[in-house]
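Each chain is listed here by its residues.
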Amino acid sequence: MAHSQDKHSALGQGVTIFIYLAILTLLEYFVAVSFNATSLLVVMAVSKAALVMFSKCLANELIPDNIRVNTINPGLVLTPDWMKTARMLTEGTDSTPEQYLDKIAKDNAPIGRFATPE
């Protein structure tokens, strides 16, 4: 990307580019696993990694223009879909939906819990 400092610097005052990277949903995960299509998980993971690197490179490229690039990469957020899926998956088992979700969080989130949408 070529820069013309005098042309773009005024445009870059207070400009921020946000790139939102959605986490793989539980439903997408179970669909991929259920249909033995785990290669889809690889494609999603590689695509997400590519967007993270793109964001870093774009941020470095736009420094002279005073344009910020932020990537929002949420972790596990306890939404109604998580509860619904947990209820479905624990129905007829000895596990409760809360126990199931607690295990998911402990196994997959560095913080060991779900965030709340508030």
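Up top is the structure.
Residues numbered from 1 in each chain as written. Predicted model: local features only at pLDDT ≥ 70, side-chain atom pairs only at ≥ 80, totals over all residues. Heavy atoms only, no water.

Draft legend 1. Focus on the overall build of the chain. Secondary structure assignment for the chain yields five helices and two strands. Sorting the 118 residues of the chain into buried and exposed places 22% on the buried side. Within the chain, contacts between residues at least 6 apart in sequence are counted, and of these 66% link residues at least 24 apart. With an accessible surface of roughly 8,400 Å², the chain has 62% of that area assigned to carbon and sulfur atoms. (Helix = DSSP H or I, 4+ residues; strand = E, 2+ residues; numbered from the N terminus. Buried < 20%, exposed > 50% of the residue type's maximum accessible area, 1.4 Å probe, protein only. Contact = heavy atoms within 4.5 Å. Areas by Shrake-Rupley, 256 points an atom, 1.4 Å probe, with all protein chains shown as cover.)

Draft legend 2. Unusual backbone geometry, seen in detail. We note that N66 has phi near 60°; this positive angle belongs to a residue other than glycine. Along the chain, N66 turns up in the loop between helix 3 (38-61) and strand 2 (67-72).

Draft legend 3. Main features of the nonpolar core. Membership of the largest hydrophobic core is limited to nine residues, which are L76, W82, A86, Y100, L101, I104, A105, A109 and F114. Put simply, the parts of the chain that give this core at least two residues each are helix 4 (80-90) and helix 5 (97-108). Among residues more than four places away in sequence, those in contact with F114 are L76, V77, L78, W82, L101, I104 and A105. Within the second largest apolar cluster, six residues are counted, among which are I19, L21, L62 and I67. (Core = buried A, V, L, I, M, F, W, Y, C linked by side-chain atoms within 4.5 Å.)

Draft legend 4. Quick peek at helix 5. Counted at 1.5 Å a residue, the expected span for helix 5 with its twelve residues is 16 Å, and the 16 Å between its end C-alpha atoms agrees. Taken together, the buried positions of helix 5 are occupied by P97, Y100, L101, I104 and A105. Looking straight down helix 5, one finds that the buried residues subtend no more than 135° of arc, so they occupy a single side. Residues of helix 5 that are exposed and angled more than 90 degrees away from the buried face: E98, K103, K106 and D107. (Expected span 1.5 Å × (residues − 1). Arc of directions from axis to C-beta.)

Draft legend 5. Expanded view of the pattern of salt bridges. Here the structure, examined in full by the defined rule, presents two salt bridges. Close ionic contact of K106 with D102 constitutes a salt bridge, the shortest N to O distance being 3.0 Å. Taken together, the positions of K106 and D102, both in helix 5 and four residues apart, correspond to about one turn of that helix. When the shortest N-O distance is used, the salt bridge between D107 and K103 registers 2.6 Å. Within this pair, D107 and its partner K103 are both found in helix 5, separated by four residues, close to a single helical turn. Neither residue differs from the other here; D107 and K103 are each classed as exposed. (Salt bridge = Lys/Arg side-chain N within 4 Å of Asp/Glu carboxyl O.)

Draft legend 6. Fine view of the packing of aromatic side chains. Throughout the structure, instances matching the rule amount to one aromatic pair. Both rings, one in W82 and one in F114, keep their centres 4.9 Å apart while their planes meet at 75°; by these two values the pair is edge-to-face. With W82 in helix 4 and F114 in the segment after helix 5, the pair connects residues that are 32 residues apart, well separated along the chain. Side by side, W82 and F114 carry an identical accessibility label, which is buried. (Phe/Tyr/Trp six-rings, centres within 6.5 Å; stacked < 30°, edge-to-face > 60°.)

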